[in-house]
Amino acid sequence: MDLEAVRTFVAVAEAGQFQKAAADLSITQQAVSRRIAVLERNLGVRLFTRTPRGAELTIDGQAFLPHARELLRVAERAVTSVRTGRRPLRVDVIASRSAPSGLMRDFHRAYSEIELDVVWLYDVETAVAAIRSGAIDASFRAVAMPGRPLPEDIESVRVLDEPLQLLTGPDHALAGAREVPLAQLAGHRIWMPGIVPGTEWAAYYDDLVAEFGLAIEATGPNFGSDALLDTVADTPALATFMSEQTRLVWPAGHGLRRIPVTDPTPVYPHSLLWHRDNPHPALATLRAHLAATTAGHDVAGTWRPGWVIPQ
């Protein structure tokens with residue numbers, strides 16, 4: 001199948017006009033018409049109906065469109081496979097203040113000659129789709145969703161188990177503790193407005209609640225980390241969980257306390273995901289670097305869900 005004809009079909013479908021598609025592709029309108037005619041002849045169907053407003057997809061055209069886009073994505077992956085040494089390594093770190101972001105900063109310091117593009121994607125489904133399409137080379141993700149295994153073409157390896165800590169204001173009942181057993185948190189209000197149902201981190205905390213009888217509240221809008229810190233500092237009855245390597249700065253007057261949680265220590269398991277056929281040379285370097293610089297999985301006295309992405 002002629003990929004230029006397929007690309008032209010997608011351009012017309014997105015533009016809604018042959019003339020605009022021609023301008024977008026920097027070719028003549030007659031060339032667009034010829035390519036569409038050849039594609040329709042090869043497929044044996046009409047793909048567009050011409051109207052006063054432009055070009056509308058027929059039912060067959062609507063059915064063909066997602067497959068056409070997938071053909072172009074596969075073609076792009078094929079081209080990229082022989083050009084990967086000329087582009088940056090693209091890695092999703094979830095959030096700029098997260099532990100994976102710190103891991104990538106360490107990698108950049110160790111391999112400053114490797115060009116990087118760091119992105120922030122929302123959930124595991126979005127990240128996996130981006131890996132499969134070639135939009136990114138790798139993603140750090142915490143856990144697999146129960147009953148929703150990774151696709152067979154996605155590889156993963158656990159790279160970091162990050163302990164959770166309790167964050168309280170100065171007047172909280174546990175503010176003076178040097179450490180707090182996890183069971184002792186039952187009955188205390190733990191507020192985490194950033195938990196979004198259906199995400200992998202929501203599944204993690206659901207499992208933590210079920211295992212230890214905690215009360216985690218996700219009520220109210222999420223105004224970001226600054227508002228969360230302000231509220232916890234001013235509300236003696238509230239605390240929140242914060243990962244050990246999350247980097248936050250708060251005013252000295254807040255008097256916030258970060259308290260290690262023990263017996264067991266809940267850990268957030270970060271894994272690196274990538275496509276099994278990704279040939280980018282820097283991806284192998286990243287994996288080797290993480291294998292050499294991170295450790296401590298399944299340490300005695302820690303807790304994690306039983307359905308994390310396998311090592």
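Since the structure is predicted, the reported quantities are computational estimates derived from the model, not experimental observations.

Caption draft 1: Region of interest: the environment of Val-45. For Val-45, the location among the structural elements is in the loop between helix H3 (29-43) and strand E1 (48-51). Look at Val-45 and you get partly exposed, because its relative accessible area is 28%. Taking the C-alpha atoms as reference points, Val-45 and Val-74, separated by 29 residues in sequence, lie 23 Å from one another. If we ignore the near neighbours within four places in the chain, the residues touching Val-45 are Glu-40 and Asp-60.

Caption draft 2: Examining the side chain of His-172 more closely. Positionally, His-172 belongs in the loop between strand E6 (154-168) and strand E7 (180-181). One polar contact links the side chain of His-172 to the main-chain amide nitrogen of Leu-174, over a distance of 3.0 Å. Those residues within four positions of His-172 in sequence are excluded, and the remaining contacts are His-188, Pro-236, Ala-237, Leu-238 and Ala-239.

Caption draft 3: Here's a closer look at the packing of helix H1 (residues 3-15) against H3. Axis separation between H1 and H3 bottoms out at 9 Å; the angle between their running directions is 110°. Taken as axis vectors, H1 and H3 run roughly perpendicular relative to one another. Regarding H1 and H3, the two cross each other, and that crossing is left-handed. Across the interface between the two elements, Glu-4, Ala-5, Val-6, Thr-8, Phe-9 and Val-12 from H1 touch Val-32, Arg-35, Ile-36 and Leu-39 from H3. In the contact of H1 with H3, the residues fall into 7 nonpolar, 1 polar and 2 charged.

What counts, and at which threshold
Position numbers for residues count from 1 along each chain, tracking the sequence in the order it is written. In keeping with the predicted nature of the model, local features appear solely for residues at pLDDT of at least 70, side-chain atom pairs appear and are counted solely at 80 or more, and the whole-chain, interface and lining totals rest on all residues. The basis for every side-chain value is the complete set of heavy atoms in the structure, and neither hydrogens nor water enter the calculation. Where helices and strands are cited, they refer to DSSP runs of H or I of at least four residues and of E of at least two residues respectively, numbered from the N terminus. Summary of the burial criterion: residues with accessible area below 20% of their type's maximum are buried, those above 50% are exposed, and those between are partly exposed, where the area comes from a 1.4 Å probe applied to protein chains only. Contacts between residues were defined by any pair of non-hydrogen atoms, one from each residue, lying within 4.5 Å. We call two N or O atoms a polar contact when they sit within 3.5 Å, provided that within protein one can donate a hydrogen and the other can accept it, with sequence-adjacent residues counted only if both atoms are side-chain atoms. Angles here are taken between N-to-C directions and fall from 0 to 180 degrees, while the axes themselves are lines fitted to C-alpha atoms, restricted in helices to the stretch in contact. An angle counts as roughly parallel when it lies under 35 degrees, as roughly antiparallel when it exceeds 145, as roughly perpendicular when it falls between 65 and 115, and as oblique in every other case. For any helix crossing, the convention is left-handed if the near helix is rotated counterclockwise from the far helix by under a right angle, and right-handed if that rotation is clockwise. Think of it as three bins: nonpolar holds Ala, Val, Leu, Ile, Met, Phe, Trp, Tyr, Cys and Pro, charged holds Asp, Glu, Lys and Arg, and polar takes everything else, Gly as well.

Remember that the coordinates give geometry; whether it matters functionally is a separate question.
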